[in-house]
Amino acid sequence: MKNKKSTIIFLICYLAYTSIYVARLNLSMASPELISSQLLDTAQVGMLGSIFSVIYAFGRLFNGGLSDKLPPWAMISSGLVIAGISNILIGFFPPFIGILLLWGANAYAQSMLWSSILCIVSSMFDVQTAKKKTSYMVTSVAAGNILGIILNSYIITKFGVNYAFIIPGGITLLFATLILLTTRDIECIKVKQGKHITMAQLFQNKEIRLAVFPATLHGMMKDNISLWMAVYFVDKFGIDLNQSAYFILFIPVVGFIGRMLYPFCYRLCREQEHKVSMFSFVICAAAAIPLCIGTVTPVIAMVCLGLIYAAVSLINTSFLSIFPIRFLSTGNVASVSGIMDFATYFGAGVSSFVYGFLIEKFGYSPMYLSWAAVSLIAIGLLRVMVAREK
């Protein structure tokens, strides 16, 4: 009975986290329509992507530590409620400043979930099982991207662009209710007094300080793929939203496969998550180079972006899910996950703001060139980290 209950809770958490990506990718899918109808321009889309990433980054840092102390159900259900209400209100298209504030609220709300979900998984299973379950839980990111593309494309086509915010908002409210009903009795893991590491001490930890840099660099690619992929295919190749959906759907599908392959890659690298990340950055660098060429075809672009997204998905799993479990014995899983996510989304936030202006002035090549460059830097950093662990 306990195993059955754990499985149900795991599934609900999986679907809840999937739902927030539907309520995040809606901006990417709606942006071509929003730009063409002059509700937003390219720079404003970049600004929304930037504000989301920056607020999410600081939210993850703050909520990571908070999630080690507060009941997981309170953090997750509150985040889902705020995200749901924010999306619904955006669907009424207030002035840009209103959309900006609501999208920022959505970002903060979504930052409340992941650390508490890790706490639930860590509380229900032993360390090795928790690592395995977590590697599957992170596939909810790619699943959310896939569902976000399919569902939001359908909603925009059938009901109008405003419903791409209203309906995902309603879905997150539904899962807020399910979380309240099923996880009220799950608490954070209790550790002996004196074993818990403070946030200040975590920042002084050499492992964490080294991991922050490649985590930041992979963030420059992770959410920018989701933010710009719809606009890229419409803008670069002159295809409409329905056609572009077929191209961009390939990207999260490959990302989903990448996340599903993580346990295999992890074993292949002798259970060294930093080695998995290092080889994944090699794939990112190699796949980014063809995208810098102006004559790239839609199919080649689709394959290259898919490979980058799959590789980034592996890196993301290493830094945000597997690496934090090293700190299970001190009760700092949520805090470390928050630090890694802060680094990831700080990189995404700063870069998406810059990319918005670069794309408007020079096209997409500078963005892809920067991805190749940061991947090479990250490979060098990870080689040092892997060597330290021998």
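My aim in this report is to walk through the structure given alongside it, one point at a time. On a predicted model such as this, the values are computed, not experimentally measured, just so you know.

**Here's the deal with the overall build of the protein chain**
- Helix and strand counts for the protein chain stand at 16 helices and zero strands.
- Computed over C-alpha atoms, the radius of gyration of the protein chain comes to 20 Å, within 12% of the 21 Å expected from 2.2 N^0.38 for 390 residues, which places it in the range of a compact globule.
- Across its three principal axes, the protein chain shows a C-alpha extent of roughly 60 × 45 × 35 Å.
- Relative to its full complement of 390 residues, the protein chain shows a buried share of 59%.
- Pairs at least 24 residues apart make up 85% of the contacts formed inside the protein chain by residues separated by at least 6 positions.
- Distance between charge centres in the protein chain, computed from 27 positive and 15 negative side chains, equals 10 Å.

**Quick notes on unusual backbone geometry**
- Here R270, not a glycine, exhibits a phi torsion of approximately 55°, which is positive.
- Mapped onto the secondary structure, R270 falls in the loop between α12 (262–268) and α13 (273–291).
- R270 sits in the exposed class, given a relative accessible area of 72%.
- The phi torsion at E271 lies on the positive side, around 55°, for a residue other than glycine.

**Some details on the nonpolar core**
- Core analysis: the biggest nonpolar cluster contains 114 residues, and Y17, L80, Y232, F233, I308, M340 and W371 have the highest contact counts within it.
- Looking at this core element by element, the count peaks at 15 residues for helix α10 (residues 206–237).
- Not counting residues within four places of it along the chain, the set of residues in contact with Y17 comprises Y56, L113, W114, I117, S140 and V141.
- Counting residues in hydrophobic clusters, the runner-up holds seven residues, among them C265, Y266, V276 and I322.

**Structural notes on the environment of L261**
- Within the element layout of this structure, L261 appears in the loop between α11 (241–260) and α12.
- The class of L261 is partly exposed, set by a relative accessible area of 41%.
- For L261 and S135, which are 126 residues apart along the polypeptide, the C-alpha to C-alpha distance reads 9.1 Å.

**Description of empty space enclosed by the protein**
- A full pass over the atoms with the stated rule returns five cavities of 30 Å³ or more.
- Roughly 200 Å³ of volume is contained in the largest cavity.
- Those elements that provide at least two residues to the lining of the largest cavity are α1 (2–36), α2 (42–67), α7 (139–158), α10 and α15 (333–362).
- For the lining of the largest cavity, the residue count by class is nine nonpolar, seven polar and three charged.

**Observations regarding the packing of aromatic side chains**
- Enumeration over the complete set of coordinates arrives at 19 aromatic pairs.
- For the ring pair W103 and F165, a centre distance of 6.3 Å and an interplane angle of 85° mean the geometry is edge-to-face. A residue pair is termed long-range when its members are at least 10 positions apart, and W103 in helix α4 (residues 96–110) and F165 in helix α8 (residues 163–182) qualify at 62 residues.
- With a relative accessible area of 2%, W103 lands in the buried category.
- Ring pairing ties together the aromatic residues F52, Y56, F93, W103, F165 and Y345, which thus form one cluster.
- Against the face of Y56 rests R24, its NZ or CZ located 4.9 Å from the ring centre.
- The lysine or arginine in question, R184, covers the ring of W73, its NZ or CZ lying 4.0 Å from the ring centre.

**As for the packing of α2 against α15**
- Across the interface, α2 lies against α15 with an axial gap of 7 Å and an inter-helix angle of 170°. In terms of orientation, α2 lies roughly antiparallel with respect to α15.
- Among the residues forming the contact of α2 with α15, the class breakdown is 15 nonpolar, 14 polar and three charged.

**Thoughts on the packing of helix α5 (residues 114–124) against α15**
- Between α5 and α15, the shortest axis-to-axis distance is 9 Å and the interhelical angle comes to 145°. The two elements α5 and α15 cross, and the hand of that crossing is right-handed. Contacts between α5 and α15 involve W114, S115, L118, C119 and S122 on the former and, on the latter, V333, A334, S337 and G338.
- Across the contact of α5 with α15, the residue classes tally to five nonpolar, four polar and no charged.

**Topic: a nonpolar patch on the surface**
- A cluster of nonpolar side chains, F58, F346, V350, F353, V354 and F357, forms an exposed patch at the surface whose accessible area comes to about 520 Å².
- The element that contributes the greatest number of residues to the nonpolar patch is α15, accounting for five residues.
- Residue F58 is classed as partly exposed on the basis of its relative accessible area of 44%.

**Some remarks on the pattern of salt bridges**
- Tallied over the full model, the rule gives four salt bridges.
- With a shortest N-O distance of 2.8 Å, R326 and E273 are connected by a salt bridge. Of the two residues, R326 sits in the loop between α14 (298–322) and α15 while E273 sits in helix α13, which places them 53 residues apart along the sequence.
- Given a relative accessible area of 3%, E273 falls into the buried group.
- One connected set of salt bridges, linked through shared partners, spans E207, E273 and R326.

**Quick look at α7**
- In this model α7 runs 28 Å from its N-terminal to its C-terminal C-alpha over 20 residues, within 8% of the 28 Å that 1.5 Å per residue would give.
- Most of α7 is tucked away: 14 of the 20 residues are buried.
- Within two residues after α7, G160 carries a phi angle of roughly 115°, on the positive side.

**Notes on α8**
- With 20 residues, α8 extends 29 Å from end C-alpha to end C-alpha; this agrees with the ideal 28 Å at 1.5 Å per step.
- Taken together, the buried positions of α8 are occupied by A164, F165, I166, P168, G169, T172, F175, A176 and I179.

Criteria and thresholds
- Residues numbered from 1 in each chain as written.
- Predicted model: local features only at pLDDT ≥ 70, side-chain atom pairs only at ≥ 80, totals over all residues.
- Heavy atoms only, no water.
- Helix = DSSP H or I, 4+ residues; strand = E, 2+ residues; numbered from the N terminus.
- Rg over C-alpha atoms; globule rule 2.2 N^0.38 Å.
- Buried < 20%, exposed > 50% of the residue type's maximum accessible area, 1.4 Å probe, protein only.
- Contact = heavy atoms within 4.5 Å.
- Lys, Arg positive; Asp, Glu negative; His and termini not counted.
- Charge placed at Lys NZ, Arg CZ, Asp CG, Glu CD.
- Core = buried A, V, L, I, M, F, W, Y, C linked by side-chain atoms within 4.5 Å.
- 1 Å grid on protein atoms, 1.4 Å probe; cavity = no way out; pocket = protein on both sides within 12 Å on 5 of 7 lines; lining within 4 Å.
- Points joined across faces, edges and corners; volume = space filled by probe spheres on them.
- Nonpolar A, V, L, I, M, F, W, Y, C, P; charged D, E, K, R; others polar.
- Phe/Tyr/Trp six-rings, centres within 6.5 Å; stacked < 30°, edge-to-face > 60°.
- Lys NZ or Arg CZ within 6 Å of the ring centre and 35° of its normal.
- Axes fitted to C-alpha atoms, helices over the stretch in contact; angles between N-to-C directions.
- Parallel < 35°, antiparallel > 145°, perpendicular 65-115°, else oblique.
- Left-handed = near helix turned anticlockwise from the far one by under 90°.
- Patch = residues over 30% accessible without salt bridge, like charges linked within 9 Å, V, L, I, M, F, W, Y side chains within 5 Å.
- Areas by Shrake-Rupley, 256 points an atom, 1.4 Å probe, with all protein chains shown as cover.
- Salt bridge = Lys/Arg side-chain N within 4 Å of Asp/Glu carboxyl O.
- Expected span 1.5 Å × (residues − 1).

Honestly, it's all geometry; don't read function into it.
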